[in-house]
Amino acid sequence: MEPQLTHSAADGVATVVIRHPAKRNAMTAAMWQSLPPLLATLAADPDVHVLVLTGAGGTFCAGADISTLRGSPEEAQRLAVLAEDTLAAFPKPVLAAVRGHCVGGGAQLAAACDLRFAEEGSLFGVTPAKLGLVYPASSTRRLAALVGPAAAKYLLFSGELIDAERALRTGFVDEVLPGGELDKRVAEFTRVLAGRSRLTQAAAKEFANGRTDRDAYWSEQARGSGEAAEGVAAFLERRRPEFSWTGPASPVPPTSG
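Since we're looking at a predicted model, the values are computed, not measured.

Here we take up the side chain of Glu227. Relative to the helices and strands, Glu227 is located in helix H10 (residues 227-237). Among buried charged residues, Glu227 stands out as having no salt bridge; its nearest opposite-charge side chain is Arg198, 6.8 Å away. In this structure Glu227 touches Ser197, Arg198, Leu199, Phe243, Ser244 and Trp245, once residues within four positions along its chain are discounted.

There is about 420 Å³ of room inside the second largest pocket. Along its surface, the second largest pocket is lined by 23 residues, and Ala64, Gly104, Gly105, Thr127 and Leu131 are the ones closest to its centre. Residue assignment for the lining of the second largest pocket shows that the elements contributing at least two residues are helix H2 (73-88) and helix H3 (105-112). The dominant element in the lining of the second largest pocket, judged by the number of residues it contributes, is H2, at 4 residues.

Moving on to the packing of helix H4 (residues 137-147) against helix H5 (residues 149-158). Each pair of packed helices gets described by two things: the angle between the helix axes and the distance between those axes. The interhelical angle for the contact between H4 and H5, taken along N-to-C directions, is 125°, at an axis separation of 7 Å. Our classification of the angle between H4 and H5 gives oblique. Crossing angle aside, the handedness with which H4 passes H5 is right-handed. Along its contact with H4, which presents Thr140, Leu143, Ala144 and Val147, the element H5 presents Pro149, Ala151, Ala152, Leu155 and Leu156. Here the contact of H4 with H5 is built from residues that sort into 8 nonpolar, 1 polar and no charged.

As a further point, take the packing of aromatic side chains. Within this structure, the stated rule accounts for 4 aromatic pairs. Between Tyr217 and Trp218, the ring centres sit 4.9 Å apart and the planes meet at 80°, which makes this aromatic pair edge-to-face. The ring of Tyr154 carries Arg166 above its face, with NZ or CZ at 4.2 Å from the centroid. Of note, Arg214 hangs over the ring of Tyr217, and the distance from its end group to the ring centre comes to 4.1 Å.

Moving on to the environment of Leu146. Inspection of the secondary structure puts Leu146 in helix H4. Sequence separation between Leu146 and Leu199 is 53 residues; the distance between their C-alpha atoms is 24 Å.

Okay, the pairing of strand S3 (residues 50-55) next. In regular strands, side chains alternate between the two faces of the sheet. For S3, a buried count of 6 out of 6 residues is recorded, marking the element as mostly surrounded by other parts of the structure. Side chains Val50, Val52 and Thr54 project from S3 onto one buried face, and the interleaved Leu51, Leu53 and Gly55 project onto a second face that is buried too. Bridge count for strand S2 (residues 13-19) against S3 is 6 bridges, and the pairing is parallel. Residue pairing across strands places Val17 opposite Thr54, the latter belonging to S3. Sheet analysis places S3 next to strand S4 (residues 94-98), joined by 4 bridges and oriented parallel. What sits directly across from Leu53, in S4, is Ala96.

Turning next to empty space enclosed by the protein. Under the defined criterion, the tally for this structure stands at 1 cavity of 30 Å³ or more. Among the elements of the structure, H3 and H4 are those that each provide at least two residues to the lining of the largest cavity. Ranked by the residues each element gives to the lining of the largest cavity, the list is headed by H3, at 3 residues. Within the lining of the largest cavity, the residues separate by chemical class into 6 nonpolar, 2 polar and 1 charged.

Turning to the pattern of salt bridges, a few remarks are in order. Tallied over the entire structure, the rule returns 14 salt bridges. Residue Asp114 is joined to Lys205 by a salt bridge in which the shortest nitrogen-to-oxygen separation is 2.8 Å. With Asp114 in the loop between H3 and strand S6 (115-119) and Lys205 in helix H8 (residues 198-208), this residue pair connects regions lying 91 residues apart in the sequence. Taking the relative accessible area as the measure of exposure, Asp114 reaches 26% and is therefore partly exposed. Under the relative-accessibility criterion, Lys205 is labelled buried at 11%. Among the salt bridges present, the one from Arg116 reaches Asp174, with a minimum N-O distance of 3.9 Å. Of this pair, Arg116 sits in strand S6 while Asp174 sits in the loop between helix H6 (164-170) and strand S9 (175-177), placing them 58 residues apart in sequence. Using a relative accessible area of 3% as the deciding quantity, one classes Arg116 as buried. Accessibility expressed as a relative area gives 34% for Asp174, which makes it partly exposed. The structure contains a network of salt bridges with shared partners spanning Glu206, Arg211, Asp213 and Arg214.

Cut-offs and rules
- Residues numbered from 1 in each chain as written.
- Predicted model: local features only at pLDDT ≥ 70, side-chain atom pairs only at ≥ 80, totals over all residues.
- Heavy atoms only, no water.
- Helix = DSSP H or I, 4+ residues; strand = E, 2+ residues; numbered from the N terminus.
- Buried < 20%, exposed > 50% of the residue type's maximum accessible area, 1.4 Å probe, protein only.
- Lys, Arg positive; Asp, Glu negative; His and termini not counted.
- Salt bridge = Lys/Arg side-chain N within 4 Å of Asp/Glu carboxyl O.
- Contact = heavy atoms within 4.5 Å.
- 1 Å grid on protein atoms, 1.4 Å probe; cavity = no way out; pocket = protein on both sides within 12 Å on 5 of 7 lines; lining within 4 Å.
- Points joined across faces, edges and corners; volume = space filled by probe spheres on them.
- Axes fitted to C-alpha atoms, helices over the stretch in contact; angles between N-to-C directions.
- Parallel < 35°, antiparallel > 145°, perpendicular 65-115°, else oblique.
- Left-handed = near helix turned anticlockwise from the far one by under 90°.
- Nonpolar A, V, L, I, M, F, W, Y, C, P; charged D, E, K, R; others polar.
- Phe/Tyr/Trp six-rings, centres within 6.5 Å; stacked < 30°, edge-to-face > 60°.
- Lys NZ or Arg CZ within 6 Å of the ring centre and 35° of its normal.
- Pairing = 2+ DSSP bridges.

This is the structure in structure tokens:
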């Protein structure tokens, strides 16, 4: 099968699948390049409330296809960082469903997601020290913010793989599921997310990611959205709320300082 990213959508949840079975779903340059426009399309789709990123078969992503590094490591890294940053900026909740290896560029993508659910037996690693590469500054900061400076240094200095239980303890993973239960749990949780207020989620995502220049914007959106009135009415009437705010199709870049 040609290395590619495929996607599907149902019931408010879009799923993007990394497919490169010959190399344990390693990302080629073309795959890195295809991710940002695909994410833009899904971000603009009002029927997509949640995004799941996963790998085909028994592997999430074994990293970048090393053959792509022979020509220009700098260009390969630039494409990976662009894809990672676009994923991190996706304006809706993003969940990585991980089984098998989540290494190198795969860990980079997983760290850019909002949440990570993993199957028992999964392995995680950040491996630039094995190749003599300088891990990108933005990726290093994102990793350190996720797992803390000490755990980030352990991963980056050594390139060693850690299991799902240790990844859970460090904060890299949010839930670890027994074998065979990952898909069921992801389906259950994304169904919950798809039924919640997109206004709440979008604002919370920006605030949690450190955005500090849009407080007034979100206050204005809350006042005019009717989301709180609907949520309270639904609670009192013991019914499921029908939240209607859809918000911007794409994130607004931070102001430069």
